[in-house]
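Remarks on the overall topology
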Amino acid sequence: MRRKIQILVVDDQESERKILESLLSTEPYEIAHAKDGKSAIEIAKKILPDLILLDVLLTTEMDGFEVCRQIRSNPVLAEVPIIMITMLDDKDSLLQGLEAGADDFISKPYDKIKLKSQVKVITRLNRYRLLLSERARFEKLIELSPDGILIVNSNGDIQLANPAVLQILGVSKSFIGKSILDFLPAKEQKTFGEKIKEASSDKSDAKQIITSFVRFDKETLLLECRFGYSEWNEKPAVQVVMRNITQRISQEKALKESEIKLRAITENSPDYIMTIDEEGKILYINKPIPDDISREEMIGASVYKFAAVQFRPMMKKCFKNVFATGKPDKYEIEYQSINKNRLFESLVSPVILDGNNRCLTINLRDITDRKQSEEALKTTQEEIKARTTELTEVNSAMKVLLKQRENDKVELESNVLSNVKKLIAPYIEKLKRSTLSPTQIALVSILEANLNNIISPFAGKMSSQFLSLTPMEIQIANLIKEGKSNKDMAELLGLSQNTILFHRFNIRTKLGIKNRRVNLRTYLLAYE
């Protein structure tokens, strides 16, 4: 329903205001009054009149020309028509009024017919201007709307379509006169047609459905369509607003599937996952931590309630730090179980829900068994380290003993070989040079061969320097080691001292110490 035309009368004389109101009372106008320029501007901004009748000769701080200029400088009131009322008829006053922004002039005393005519013409022109402006804005909105907007008759024939409809349906040019039903799958045409007929005869609330459309390139889209009663060429019609929700539905489906998967992962996670708000209230938890409390009982309760008193300050400090820095943090905590206390490692991360609400996600991992394993491993490592140290010491002792055993073995072999050569071999040689029977000679040869077989393993390990000595040289070397002088050795062996000297020279030569200032006895003792 159109509102009445509103006229604002501005005059500092109440009698003049009443005269104008009386002259215009025969028309369906709403008359508002203002007695000065300041109140006129305030009232005009409030009611946005269709016309202002403004007296030029205001006796207040602003005359009519100044009021007109201020109204024209106000973006809200700039296009409101102004008729200035004046008793002046000189050209300068008229020019000043036009420069101030007046649309027309009325002179006193009033010509009743001329006054009504001027007011009627200007208000109609203003209404027409407003209608054109509103239509232009409406057409611009329709043109720029991201939603498709159609006007169809009751049969579904298209009367108007904005550019968004062409884009949604993949049509390159206007298709006015064609049926919108042609773009629907056959199975959905009936339902869509019924909605159009229903909306064309029902001016109540708009109807809405979600249906498939087939584009010109055969691609199928899912559109949300709203139907509302309209008029076109003075006949009932239906306005259809179409919104492409194909991508939104696909995203919602993917989001729902992702949510289902994420919930399944969370619900089946071996870890305990909870979300708390800034007060520590539990908003979500995938499974209860204490064995004797259900998940429903934990949700809505304080997270501090389920922690031992000594851990609460640490938790609060951690939560405060994460809220302040926005960076994850962690701590370790014990939770009381029916069977025993369990140790958890807690990773705290910040999250934002619903755009502004800050929350924390806490991932609690039971590390009781791991800690026990670490302690057991640490104990085992310490035991292994102690055992290793012990074995190292034993090994060192064994090496010393083995070395000593090897030295004893070498010394024994050397003594056996040396004794055989110096205590037995010389006498076998004497026997061989003495007068013996053939049988005795054979026995001595056998004895010598068997003796050589016995000492041959030892001889292979002894120094080649000693093996090159003759039995007599070995015998003399042994007497030298015992500290015997050349004279003593000559008497013992029945040899001359020159022979002893000859053998000493050979011994030094074979040992590689000839012409060296090395004491022979000291050198020989070094090989014991």
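Note that the structure is predicted; figures quoted are calculated from it, not measured.

Attention now goes to the overall build of the protein. From N to C terminus, the protein includes 17 helices and 15 strands. Considering only C-alpha atoms, the protein reaches an extent of 190 × 70 × 55 Å along its principal axes. The buried share of the protein, taken over its 528 residues, is 35%. If you take every contact in the protein between residues at least 6 apart in sequence, the share linking residues at least 24 apart comes to 47%. Carbon and sulfur atoms form 54% of the exposed surface of the protein, whose accessible area is close to 33,000 Å². Averaged over its 80 positive side-chain charges, the protein has a centre that lies 11 Å from the centre of its 74 negative ones.

Among the nonpolar cores identified, the biggest contains 25 residues, and Met274 and Phe319 are the most heavily contacted of them. Every element with two or more residues in this core is listed here: strand S11 (272-277), strand S12 (282-285), helix H10 (312-325), strand S13 (329-336), strand S14 (341-353) and strand S15 (357-366). Here this core gets five residues from one element, more than from any other, and that element is H10. Not counting residues within four places of it along the chain, the set of residues in contact with methionine 274 comprises Ile282, Tyr284, Ile285, Ile289, Val303, Leu360, Thr361, Ile362 and Leu364.

On the basis of which strands lie adjacent, the open sheet formed by five strands has the order S2-S1-S3-S4-S5 and parallel pairing. The strands lining the two open edges of the sheet, one partner per strand, are strand S2 (29-34) and strand S5 (104-107). On average, each strand axis in the sheet is tilted by 20° relative to the strand beside it, whichever way the strands run. Looking at chain direction, strand S1 (residues 5-10) and strand S3 (residues 51-55) are connected through four bridges and run parallel. Paired with leucine 8 across the strands is isoleucine 52, a residue of S3.

On to the pairing of strand S10 (residues 235-244), then. Pairing of strand S6 (residues 148-152) with S10 involves five bridges; the strand directions are antiparallel. Bridge pairing in S10 places isoleucine 149 opposite valine 241. Inspection of the sheet shows strand S9 (residues 220-232) paired to S10 by ten bridges, in the antiparallel sense. Bridge pairing in S10 places leucine 223 opposite asparagine 244. Linking S9 to S10, which pair antiparallel, is a turn of two residues; within it asparagine 233 sits at a positive phi near 55°.

A few words on the sheet that holds S6. The strand order across the open sheet built from five strands is S7-S6-S10-S9-S8, with neighbouring strands paired in antiparallel fashion. Whereas interior strands pair on both sides, the edge strands pair on one side only; in this sheet they are strand S7 (158-161) and strand S8 (207-214). Sheet twist, expressed as the average angle between the axes of neighbouring strands with direction ignored, equals 30°. Relative to S7, S6 is paired through three bridges, and the arrangement is antiparallel.

In this section: the environment of asparagine 415. Note that asparagine 415 resides in helix H11 (residues 368-433). Taking the C-alpha atoms as reference, asparagine 415 lies 160 Å from serine 107; in sequence the two are 308 residues apart.

Think of a pair of aromatic rings as described by two things: how far the centres are apart, and how the planes are tilted against each other in angle. Under the definition given, this model contains five aromatic pairs. Geometrically, the ring pair formed by tyrosine 304 and phenylalanine 319 is tilted, given 6.0 Å between the ring centres and 45° between the ring planes. In this pair, tyrosine 304 is assigned in the loop between helix H9 (295-298) and H10 and phenylalanine 319 in helix H10, connecting sequence segments 15 residues apart. Taking relative accessible area as the criterion, phenylalanine 319 reaches 4% and is therefore assigned buried. With a centroid separation of 6.2 Å and an interplanar angle of 65°, the aromatic rings of phenylalanine 319 and tyrosine 331 are classed as edge-to-face. Of the two residues, phenylalanine 319 sits in helix H10 while tyrosine 331 sits in strand S13, which places them twelve residues apart along the sequence. Assigned by exposure class, phenylalanine 319 and tyrosine 331 land together as buried. Put simply, the rings of Phe192, Phe213 and Phe227 touch in pairs and so form one group of aromatic residues. Its guanidinium or amino end placed over the ring of tyrosine 272, lysine 287 lies 4.9 Å from that ring's centre, counting from NZ or CZ.

This brings us to the confidence of the model for the protein. Of the residues in the protein, 93% have a pLDDT of 70 or more, and the chain-wide mean is 83. Per-residue pLDDT, averaged within each element of the protein, yields its smallest value for helix H13 (residues 464-467) (51) and its largest for helix H2 (residues 37-47) (91). Contacts of residues 460-464 to residues separated by more than four positions or lying in other chains number six contacts, the stretch itself having pLDDT below 50.

All right, on to a nonpolar patch on the surface then. Taken together, the side chains of Val394, Met398, Leu401 and Leu402 present a nonpolar region at the surface, about 390 Å² in accessible area. Topologically, valine 394 is positioned in helix H11. With a relative accessible area of 43%, valine 394 lands in the partly exposed category.

Taken as a whole, this structure holds 20 salt bridges when the rule is applied. The residue aspartate 55 makes a salt bridge to lysine 108 at a minimum N-O spacing of 3.9 Å. Here aspartate 55, found in strand S3, pairs with lysine 108, found in the loop between S5 and helix H5 (112-144); they are 53 residues apart in sequence, far enough to count as distant. Between arginine 72 and aspartate 103 there is a salt bridge, with its nearest N and O atoms 2.8 Å apart. Separated by 31 residues along the polypeptide, arginine 72 in helix H3 (residues 64-73) and aspartate 103 in the loop between helix H4 (91-100) and S5 bring together distant segments of the chain.

Next up on the list: the packing of H3 against H4. Taken N-terminus to C-terminus, the directions of H3 and H4 make an angle of 20°; their axes are 8 Å apart at the nearest point. By the angle class used here, H3 and H4 are roughly parallel. Of the residues in H4, those touching H3 at Phe65, Cys68, Arg69 and Arg72 are Ser93, Gln96, Gly97 and Ala100. Of the residues that constitute the contact of H3 with H4, the class distribution is three nonpolar, three polar and two charged.

What counts, and at which threshold
- Residue numbers run consecutively from 1 along every chain, following the written order of its sequence.
- Local features in this predicted model are restricted to residues of pLDDT 70 or higher, and side-chain atom pairs are both shown and tallied only at a pLDDT of 80 or more, whereas totals for entire chains, interfaces and linings draw on every residue.
- Excluding hydrogens and water, the side-chain figures rest on all heavy atoms present in the structure.
- Under the scheme used here, helices are H or I runs from DSSP no shorter than 4 residues and strands are E runs no shorter than 2 residues, and both carry numbers assigned from the N terminus.
- Per-residue accessibility, obtained with a 1.4 Å probe over protein chains only, is compared with the maximum for each type, and a residue is labelled buried under 20%, exposed over 50%, and partly exposed between these values.
- Whether two residues are in contact is decided by their heavy atoms: any pair within 4.5 Å suffices.
- Using a 1.4 Å probe, accessible areas were evaluated by the Shrake-Rupley method; residue-level cover was limited to the displayed protein chains.
- Note that His is not counted, nor are the chain ends; the positive residues are Lys and Arg, and the negative ones are Asp and Glu.
- To locate a charge, take atom NZ for lysine, CZ for arginine, CG for aspartate or CD for glutamate.
- In this description, a nonpolar core means a group of buried Ala, Val, Leu, Ile, Met, Phe, Trp, Tyr and Cys residues linked to one another through side-chain atoms lying within 4.5 Å.
- For two strands to be treated as a pair, DSSP must find at least two bridges joining them.
- The angle between two axes is taken between their N-to-C directions and runs from 0 to 180 degrees, where each axis is a line fitted to C-alpha atoms and a helix contributes only its stretch in contact.
- Two rings belonging to Phe, Tyr or Trp (six-membered ring only in the last case) form a pair when the distance between their centres is within 6.5 Å. Interplanar angles under 30 degrees mark stacking, angles over 60 mark edge-to-face geometry, and anything in between is tilted.
- A ring is considered to have a charge above it if a Lys NZ or an Arg CZ atom is located within 6 Å of its centre and within 35 degrees of its normal.
- Each residue carries a pLDDT score, the predictor's own confidence in it, on a scale running from 0 to 100.
- Patch members must show over 30% relative accessible area and no salt bridge, and they are joined within 9 Å when carrying like charges or within 5 Å when they are nonpolar side chains of Val, Leu, Ile, Met, Phe, Trp or Tyr.
- Any Lys or Arg side-chain nitrogen located within 4 Å of an Asp or Glu carboxyl oxygen qualifies as a salt bridge.
- Orientation categories follow fixed angle ranges, with anything under 35 degrees roughly parallel, anything over 145 roughly antiparallel, 65 to 115 roughly perpendicular, and all other angles oblique.
- By the convention adopted, Pro, Cys, Tyr, Trp, Phe, Met, Ile, Leu, Val and Ala count as nonpolar, Lys, Arg, Asp and Glu as charged, and the other residues, Gly among them, as polar.

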